[in-house]
Amino acid sequence: MSHDTLNPEVMPSEPEKATLEGKNKFLGFWFFLGGETVLFASLFGTYLALRNSNNGGPTSEELFGLELVFVMTMLLLTSSLTSVYAMYHMKNNDFRKMQIWLGITVALGLGFLGFEIYEFYHYIHHYEFTFRSSAFGSAFYTLVGFHGGHVLFGLLWIITIMARNAKRGLNLYNAPKFYIASLYWHFIDVVWVFIFTVVYLMGVI
Amino acid sequence: MAENTNSVQNELDYHKKKKKEEMKQQVITFALMIVFTIIAFTMVAAGLDKLFVIPIIVVLAIVQVIFQLYYFMHMSHKGHELPAIMMYGGISVAFLTILTFLVLIWW
């Protein structure tokens, strides 16, 4: 009888917190998310303070189109649910289904990122609204671009752990990695909820 | 021994059932989040009064984020005391940061 602690015969119901390393990752990651909250708050504060300083360039009312933002919001919100499904299957020790749902999450995230790149491209080429146009431009691209950077990082992260563990299957060593990547993905959606409310909706009112 | 395996199986079945119920709750949470989003966008598109719309969409955003944290990120589960301290600590500093930046440009 083998005693492989990372590949038990019966997987515990919370494989992400079954090892000390998993517990530490879990706590450390929430600590990081607390810090990220403050970091994004400083960018939101800057944006709110500078959003009317458009230096004669386009204003937020002229720039923002709600249709595109609505589609992007739906994509990111749905991808949050699909990663919940992925973690549901992880806890039921169904590796294949977890990978499928993570794949859907990645596809939705890529869709979001594509729309965001299109949006920035549109602003730059049709409105000549760039990072250097005005204080509003700098604050806008810093805040929304930083979030977009998080989306890109999250996608690369999820794709990497999916590929790295594709042949290994699920065990107590990689379960915390999947769980934490999904927490990161949810946090990206948390930030987006405030971006679509504070930047886009309040920008066109 | 047989009895022991049986009880392990029973426990697994119990957890499986519980997780399934939770998953149902998550889908309801998701549906509510979609509804909140649609309400926020419709209110802005309808061009209602600024002073009326802004507080409502901010409250809708806060409720959505609470759903996201407590249900999607499982902060409602036990064993999340330290994550709660970290998030609430982060949120308090975040609040002060935004307040400071807004007060700075008040005049």
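Conventions used here
- Residues numbered from 1 in each chain as written.
- Chains lettered and ligands numbered in written order.
- Predicted model: local features only at pLDDT ≥ 70, side-chain atom pairs only at ≥ 80, totals over all residues.
- Heavy atoms only, no water.
- 1 Å grid on protein atoms, 1.4 Å probe; cavity = no way out; pocket = protein on both sides within 12 Å on 5 of 7 lines; lining within 4 Å.
- Points joined across faces, edges and corners; volume = space filled by probe spheres on them.
- Helix = DSSP H or I, 4+ residues; strand = E, 2+ residues; numbered from the N terminus.
- Nonpolar A, V, L, I, M, F, W, Y, C, P; charged D, E, K, R; others polar.
- Axes fitted to C-alpha atoms, helices over the stretch in contact; angles between N-to-C directions.
- Parallel < 35°, antiparallel > 145°, perpendicular 65-115°, else oblique.
- Left-handed = near helix turned anticlockwise from the far one by under 90°.
- Contact = heavy atoms within 4.5 Å.
- Buried < 20%, exposed > 50% of the residue type's maximum accessible area, 1.4 Å probe, protein only.
- UniProt positions renumbered as here; feature names shortened; annotations may be inferred.
- Expected span 1.5 Å × (residues − 1).
- Bend = angle between axes of the 7 residues up to and from the residue.
- Polar contact = N/O pair within 3.5 Å; in protein donor to acceptor, adjacent residues only side chain to side chain.

Chemist: Any chance you could break down empty space enclosed by the protein for me, citing the residues and the numbers?
Modeler: Across all of its chains, the model carries 1 cavity of 30 Å³ or more by this definition. Taken as a whole, the largest cavity encloses approximately 90 Å³ of empty space. Taken together, Val84, Met87, Tyr88 and Lys91 of chain A together with Lys19, Glu22, Met23, Gln26 and His74 of chain B make up the lining of the largest cavity. Contributing elements (two or more residues each) for the lining of the largest cavity: α3 (66-91) of chain A together with α1 (2-45) of chain B. Looking at the lining of the largest cavity residue by residue, the class counts come to 4 nonpolar, 2 polar and 3 charged.

Chemist: Explain the packing of helix α4 (residues 95-126) of chain A against helix α6 (residues 175-204) of chain A to me, using residue names and the numbers behind them.
Modeler: All names here are of chain A. In the contact formed by α4 and α6, the axes pass within 13 Å of each other and the chain directions differ by 30 degrees. Regarding the angle of α4 to α6, the classification is roughly parallel. For the crossing formed where α4 meets α6, the hand is left-handed. For the pair α4 and α6, the contacting residues are Phe95, Met98, Gln99, Leu102, Thr105, Gly109, Phe112, Glu116, Glu119 and Tyr123 in the first and Phe178, Trp185, Trp192 and Tyr200 in the second. For the contact of α4 with α6, the per-class residue count stands at 9 nonpolar, 3 polar and 2 charged.

Chemist: Would you mind going over unusual backbone geometry in detail, with residue names and values included?
Modeler: Residues and elements named next belong to chain A. Look at Asn55: it is not a glycine, yet its phi comes out positive at around 55 degrees. Structurally, Asn55 is set in the loop between α1 (20-50) and α2 (60-63). Of the residues examined, Asn55 reaches a relative accessible area of 64% and is grouped as exposed. Even without being glycine, Asn93 reaches a positive phi, approximately 60 degrees. With respect to the element layout, Asn93 can be found in the loop between α3 and α4.

Chemist: Describe the UniProt feature "transmembrane region" (unreviewed entry) in chain B, naming the residues involved and giving the relevant values.
Modeler: Residue and element names in this part refer to chain B. According to UniProt, the positions carrying the feature "transmembrane region" (unreviewed entry) are residues 27-46, 52-73 and 85-106. Secondary structure within residues 27-46 divides into 95% helix and 0% strand; the distance between the first and last C-alpha atoms comes to 28 Å. As annotated, residues 85-106 has a helix share of 91% and a strand share of 0%, and its two end C-alpha atoms lie 31 Å apart.

Chemist: Run through the UniProt feature "transmembrane region" (unreviewed entry) in chain A, naming residues and quoting values.
Modeler: Residues annotated by UniProt as "transmembrane region" (unreviewed entry) correspond here to residues 27-48, 68-88, 100-118, 138-162 and 183-203 of chain A. End-to-end, the C-alpha atoms of residues 27-48 of chain A are 32 Å apart, and along that stretch the chain is 100% helix and 0% strand.

Chemist: Residues and numbers for the side chain of Ser134 of chain A, please.
Modeler: Secondary-structure assignment places Ser134 of chain A in the loop between α4 and α5 (135-164). Not counting the four nearest positions on each side in its chain, Ser134 of chain A is found in contact with Ser53, Asn54, Asn55 and Phe129 of chain A.

Chemist: Now, about α6 of chain A: what can you tell me, with residues and values included?
Modeler: Residues and elements named next belong to chain A. Over its 30 residues, α6 runs 43 Å from end to end, which matches the ideal 44 Å to within 8%, given 1.5 Å per residue. The largest bend in α6 amounts to roughly 30 degrees and is located at Ile195. The element α6 is largely enclosed, with a buried count of 27 among its 30 residues.

Chemist: Outline the side chain of Ser83 of chain A, listing residues and values.
Modeler: Residue and element names in this part refer to chain A. Summarising the element assignment, Ser83 is placed in helix α3. By relative accessible area, which is 1% here, Ser83 ends up buried. One polar contact links Ser83 to His186, side chain to side chain, over a distance of 3.4 Å. Ignoring sequence-local partners within four residues, the contact set of Ser83 consists of Thr105, Ser182, Trp185 and His186.

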